[in-house]
Each structure stands twice: as C-alpha cells, then as structure tokens.
Amino acid sequence: MKKYLYTTVIMLTLFSTLCISCSDEFVDPKPEYSIDSENYFNSKEDYDQALVAAYDLLQSSYVNVLLGEIASDNTLCGGESPTDVIGFQQIDDMIHTPVNSNLRDVWNWMFAGVQRANYILEFKDKTDFPQKTQVIAEARFLRAYYQFELVKWFGGIPMKGDARFKIGDEKTVPRSSREEVFASIEADLTFAAANLSPIASQKGRATKGAALALLGKAYLYENKFTQAATALDGVISSGKYSLVADYNSIFEMDGENGSESVFEVQYTDVEGAGFGCLQCSEGNVAVGFSGVRNYSGPLFSSGFSFNIPTKESADAFEAGDKRKDVAILDIAAWAAANASYDGGKGVSFGKGNEDTGYFNRKYLPRKRSANAAGDLNLTNPNNYRAIRYADVLLMAAEAYNRGGIDDAKAKTYLNEVRRRAFGDNDHDISASGAALTDFIYAERRVELFGEGHRFFDLVRTGKAVGKIPGFTANKNELFPLPIEEIQFANGNWQQNPGY
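What you are looking at is a predicted structure, and each value in this text was computed from that prediction instead of being measured.

### Quick look at the pairing of strand β2 (residues 261–265)
Burial analysis of β2 places five of its five residues in the buried class, the great majority of the element. Relative to strand β6 (residues 384–388), β2 runs antiparallel, the two being bridged by three bridges. Considered in β6, the bridge of F263 is made with I387.

### Observations regarding the nonpolar core
Formed by 125 residues in total, the largest nonpolar core has its most connected members in F88, F141, Y145, I185, F263 and V392. No other element matches the 14 residues that helix α5 (residues 132–154) contributes to this core. Apart from residues lying up to four places away in sequence, I185 is in contact with A144, Q147, F148, V151 and A218. In this structure, I331, W334, V347 and F359 belong to the second largest nonpolar core, which totals eleven residues.

### A closer look at the packing of helix α15 (residues 407–422) against helix α16 (residues 433–447)
Two elements in contact, α15 and α16, have axes separated by 11 Å at closest approach and are oriented at 30 degrees. Between α15 and α16, the angle is such that the two are roughly parallel. For α15 against α16, the interelement crossing comes out left-handed. Of the residues in α16, those in contact with D407, A410, K411, L414, V417, R418 and R420 of α15 are G433, L436, F439, I440, E443 and E447. For the contact of α15 with α16, a count of residues per class yields six nonpolar, one polar and six charged.

### Focus: the environment of G234
Inspection of the secondary structure assignment puts G234 in helix α8 (residues 225–236). Separated by 86 residues in sequence, G234 and G320 place their C-alpha atoms 32 Å apart.

### Considering the packing of helix α6 (residues 178–195) against helix α7 (residues 208–221)
At a minimum axis distance of 8 Å, the contact between α6 and α7 shows a crossing angle of 155 degrees. Taken together, the axis directions place α6 and α7 in an arrangement best described as roughly antiparallel. Judged by the twist between their axes, the crossing of α6 over α7 is left-handed. Contacts between α6 and α7 pair R178, F182, I185, E186, L189, T190, A192, A193 and A194 from the former with K208, A211, L212, L214, L215, A218, Y219 and Y221 from the latter.

### Regarding the side chain of D233
When you line up the elements, D233 lands in helix α8. Those residues within four positions of D233 in sequence are excluded, and the remaining contacts are Y400, K409 and Y413.

### Brief notes about the state of the cysteines
Counted according to the given criterion, the structure contains one disulfide. Here C277 is linked by a disulfide to C280, with a sulfur-sulfur distance of 1.8 Å. Across the disulfide from C277 to C280, rotation about the S-S bond amounts to roughly 55 degrees, and the bridge is consequently right-handed. Overall, the relative accessible area of 34% leaves C280 in the partly exposed class.

What counts and how
Residues numbered from 1 in each chain as written. Predicted model: local features only at pLDDT ≥ 70, side-chain atom pairs only at ≥ 80, totals over all residues. Heavy atoms only, no water. Buried < 20%, exposed > 50% of the residue type's maximum accessible area, 1.4 Å probe, protein only. Helix = DSSP H or I, 4+ residues; strand = E, 2+ residues; numbered from the N terminus. Pairing = 2+ DSSP bridges. Core = buried A, V, L, I, M, F, W, Y, C linked by side-chain atoms within 4.5 Å. Contact = heavy atoms within 4.5 Å. Axes fitted to C-alpha atoms, helices over the stretch in contact; angles between N-to-C directions. Parallel < 35°, antiparallel > 145°, perpendicular 65-115°, else oblique. Left-handed = near helix turned anticlockwise from the far one by under 90°. Nonpolar A, V, L, I, M, F, W, Y, C, P; charged D, E, K, R; others polar. Disulfide = S-S within 2.5 Å.

So far we have only geometry, and geometry alone does not tell us how the molecule works.
Here it is as structure tokens:
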C-alpha cells in the first residue's frame, strides 16, 4: 500500500470551505460551520494537514495530462463512440467552446489547488514552529504548479496574492496578465528552490530539484533562455538525478519515485471513486480511460479506449528506438505474441471509436492489488511522472540551443537521452543552430510521448498550426474560460480571443 501523503487525507473532509466536490462554482459558499483561521493553524499539525489538502488536488490533474495528448497531434480522442465524453471529442477536433464541462474541470480543480495553497499562505504568520519555512516553501511550490497549469491552458488568470478568493471577488479582482502570472510563478519557485530540502521527507513531496526544474520550465515558456539554462543546470549539477538504464522500468510500479523522477504525482488503488466525483479518486483516472476496451490477457486490464495514438505519431519513432514499444502498444502484434496465453485462450479485446490499433502503453491499466477498491477503471495506482530527469535534460538542451548560449552543451544533454533510447552512440546528433533545435523538438515528442506535454510544446514553439488538425492561429493557443466564470464575473473578466 502506498502511504506517502495519504496518511492524513481523511482530514480533507474538514476543509469544507475548500471542497470542490461540494459545488461547481469558482468560490464555494461558506458552510454554516467550518474549520477556519479563527480555530485553526494553531499547531504544526494543523499546517501539515492543510498542506496535505493542497497536495491532494494534484491527483485531479489526470485530466490535464489526458487532454494534453488528445488536444495534440499525438492521439485521437477515441472512447466508445463519437459522443462519448463530448467535451474530450470537441477538444480533439478543436471545436470546443466556453460550454465544455471538461475544460471547466481543469479550471475548477486547478483553482481549488491555488485556493488550498493560499489558505496556508494567508495564515502563514499565525503560529511559529520548527521547519515552518519548509511548509511555506511547499505551499508556494504547489501554488506555482497549479498556476502554471492554469496559465498554460487559459492565459492570464485572476490572482489575489496570499489570500483566498471569496464570493464577490470575481466581480472586482481582474484577470492578471500572462506576464503577471509568470512573475508570481517565478517568485514562488525561486523561494521554494531556496528553502526546500533536496531530499523529500515523504515520497511525493516537493524538493529543491522539483522547484528548480519547474522554474526552468516556466522560464522556457517565457523564452527566457539564459535563466532557464541556469535553473535547469542547477538540477543537473545537483547529482540527485540520473537516467535509469531501462526506459520501460520508469512506467512500472517498481519504477515509481526512482532516480529519474524529479516530481511525481502519487496515486493509489485502495480508495475507490465513481463517476459522480472523479476528482475524489485517489487513483489515476487517466489510466483507466486510456485502457484497451474489453481487454482480456496478460499484464494489462481493461479500460475505455480513449487517448488513441495515431499512426503518424507511432511512425515518429526512428528505427531502433527502444522507446517505441514502451510508449505504444500495437494491440494486434501483442495479441499475436501472446496467442498461447491462458492455455491457448490468448488475448481478446474490443474496438472503440477512432480505433487505430495503438494504445498509450505507458499509462495503460495494469493488474491491480487484491485491496483495490471502487470502480477499478477509476482507481489505478500508476503514478504520474510530472517532471522526469530526461525532460530536464531536453529542456536544458533547448535553452542552451535556442538562447544561442552553447550548442555543444545542448548536444551533450540531447545525446545523453538518445544514447539511452538506442543503446549506443551511433545515433548522436551533430547538428547545430536551427537544425539542432528541430532535433530537440523531435526528441521531446518521442521521449515524452503520452505524458501530456505535446500540445503545449507545439503551442509555445509556434508549431501548432499545420500540425494539429483544426488548430486556428490566434485562437486555439488558449482554451476558453468556462462560460459560468464569465457570467459570475459579470463583465469583469473578458473571454479569450476567438471564443
């Protein structure tokens, strides 16, 4: 059983002012009685419980990962039919509008994470105790993480400093600019990197390396290449991380929180959930959604056949690249190779909408423990590798190359990743300048395939037009704010262009 951050998660029920399952509104109504500053934050334990609550929203980011692939050219929506989870289907086809419950989930759940982090920061000075700076640094890391997700998806967002939003604020607090949001993210992560321990006190907690890596990523999104290179080199030179020899092992249970994991979202299958409250699941919902429909056979279990890799994305892997068979499951080839399974019964499976015969193997549901609870399609224990060391190396390579800083260093980092992929030095890249940039982009696609980064990589590098079917320039770089938020704000927040 994975304990990690779950040992005190029962206390989340007490934070009813922050419970997003209680209401769909941006700001939840204050209940008749709640634990609030007047009777809380009086001990280290109180701050620790609130911090667990802030971490808990990371698990709901499964939808960000799933849609980061579906919105890109990597995968098709899939599902049972063209109307199965219509919001996903619309995003896949780039015909989404402000009326989309799945985009509203991204907005609501990430803002709930900001709210929970701000609950701690609003009362950060109420009680002193040893290691308090570590708690504050973790809270600021989490706020930056959630704000980074929001600014990627929606652009500028409303911010209120170290304070929670309350009812009525949506009519008076403006949307901050994209630049102001990134400034907040940079400040939080700079503080976090300076004050977090290099080693997590519990698996799943933020570290100095995680803060530096996310800071470097934020700088990269702003084209601040010199700052990005410095932050990312801080992760690389720390000696805390390394590429594992076996790429496949990263995505199996025994590869969780390993030497390549810079930051990982923790999941477990021992606390079930249902469709009525997907964000309540302690399991990785995206995994069940990506599973092979009606599957029976070795290693994997059944799922809903969403997030279907295209043939073009499968063909993006070079000959001899060992990552292809880890990233993409060719179900027909798998069935042929396991024809003798279970006394000759072999592998059976169904076909869903937009079937290509391929599945996102990294995050397919595996056989689960005897203690698994609830709907097994919604409670998969597979952790999400939010920031991997290979990603750090490739981001550093991009920063050194695109910033015109040091192409030799960029090639060193790029080729370190490629040598693991091919098992030799024969596939090293020797190009420089713009040609090297293209190789780095191509490497990001295959190295990080299925991990939710592709759409945002295409957008931030200006490559989305012509790559993503249906993508419209000066519109689809951002997603629309949910119509409910525009209505709540009563003219205070403007909708994103084109929506």
